[in-house]
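# Overview (structure and organization)
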Amino acid sequence: GQNIDQPTEMTATEGAIVQINCTYQTSGFNGLFWYQQHAGEAPTFLSYNVLDGLEEKGRFSSFLSRSKGYSYLLLKELQMKDSASYLCAVRNRGNNRLAFGKGNQVVVIP
Amino acid sequence: DTEVTQTPKHLVMGMTNKKSLKCEQHMGHRAMYWYKQKAKKPPELMFVYSYEKLSINESVPSRFSPECPNSSLLNLHLHALQPEDSALYLCASSQVNGELFFGEGSRLTVL
């Protein structure tokens, strides 16, 4: 099975940096995904980690440590449009099961 | 084409009705998914199809019946639903080990 944990809500100022953490336990790890979801919209893909280390994509970076069952998403130079829910999701090896954590609501204020 | 298209966008049905949600993708993805999402909650996995075969059923009640007629289409047949089944139903597709692309969802209200 899978157990994925994320903190629930944070507020940050425009231009700041925010880090969103995700811890997981799974019987067969095959990749961790980060998604962004604005209210009333579908989730959109942000990043993917399957090996340890940092993946950077513009203002967003994601880090993975498989031995610690831990990932974080780093959002830099926050913009108002970054106000959204950020979801981490873990894939199981062998069956394509992708389960989401509870999500972290980020509110960006001027 | 990087879209997953879901119809209808909104559906209101009574508890005795039979209706279907439809999902279509033309990205050549061989895995397709149904998720259910309640307000302020993450998506919950319901079903996964891999190569048009049902590979995961997350103990979903039989009043929800998935169908994958071909590699581009995924349906969710609904019958005798309960008011607590009201939610946003999200379809997604992916390459077998790739990221999921989500449709905009079908917002279902059961009266």
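Everything that follows concerns the structure shown earlier in this document.
This text gives an overview of the structure that appears in the document. All of these numbers come straight from a predicted model, not from anything done at the bench. (Residues numbered from 1 in each chain as written. Chains lettered and ligands numbered in written order. Predicted model: local features only at pLDDT ≥ 70, side-chain atom pairs only at ≥ 80, totals over all residues. Heavy atoms only, no water.)

### Let's talk about the nonpolar core
- Core analysis: the largest hydrophobic core is formed by 23 residues, its most contacted members being Trp34, Phe64, Leu76 and Leu78 of chain B.
- The set of elements that each furnish at least two residues to this core consists of strand E2 (10–13), strand E3 (18–25), strand E4 (31–37), strand E5 (44–50), strand E7 (64–70), strand E8 (73–79), strand E9 (87–94) and strand E11 (106–110) of chain B.
- Formed by 22 residues, the second largest nonpolar core is a distinct cluster that contains Leu32, Leu64, Leu75 and Ala99 of chain A. (Core = buried A, V, L, I, M, F, W, Y, C linked by side-chain atoms within 4.5 Å. Buried < 20%, exposed > 50% of the residue type's maximum accessible area, 1.4 Å probe, protein only. Helix = DSSP H or I, 4+ residues; strand = E, 2+ residues; numbered from the N terminus.)

### Regarding the sheet that holds E7 of chain B
Residues and elements named next belong to chain B.
- Pairing within the open sheet is antiparallel, and its four strands lie in the order E1-E3-E8-E7. Of all the strands in the sheet, just strand E1 (4–7) and E7 have a single pairing partner and so form its edges. Across the sheet, the mean angle separating the axes of adjacent strands is 20° when strand polarity is ignored.
- As paired strands, E3 and E8 are joined by seven bridges and run antiparallel to one another. Along E8, the bridge assignment pairs Lys18 with His79. (Pairing = 2+ DSSP bridges. Axes fitted to C-alpha atoms, helices over the stretch in contact; angles between N-to-C directions.)

### So, the interface of chain A and chain B
- Chain A puts 17 residues into the contact, and the matching count from chain B is 22 residues.
- Interface area, chain A with chain B, both sides summed: about 1,500 Å², of which 51% is carbon and sulfur.
- The largest contributions to the chain A side of the interface with chain B come from Asn96, Arg97 and Phe100 of chain A, which together make up 30% of the buried area.
- Taken together, the connections running from chain A to chain B amount to one salt bridge.
- At the boundary of chain A and chain B, one finds six residue pairs in polar contact (both at pLDDT 80 or more). (Contact = heavy atoms within 4.5 Å. Buried area = accessible area lost by both parts, 1.4 Å probe. Salt bridge = Lys/Arg side-chain N within 4 Å of Asp/Glu carboxyl O. Polar contact = N/O pair within 3.5 Å; in protein donor to acceptor, adjacent residues only side chain to side chain.)

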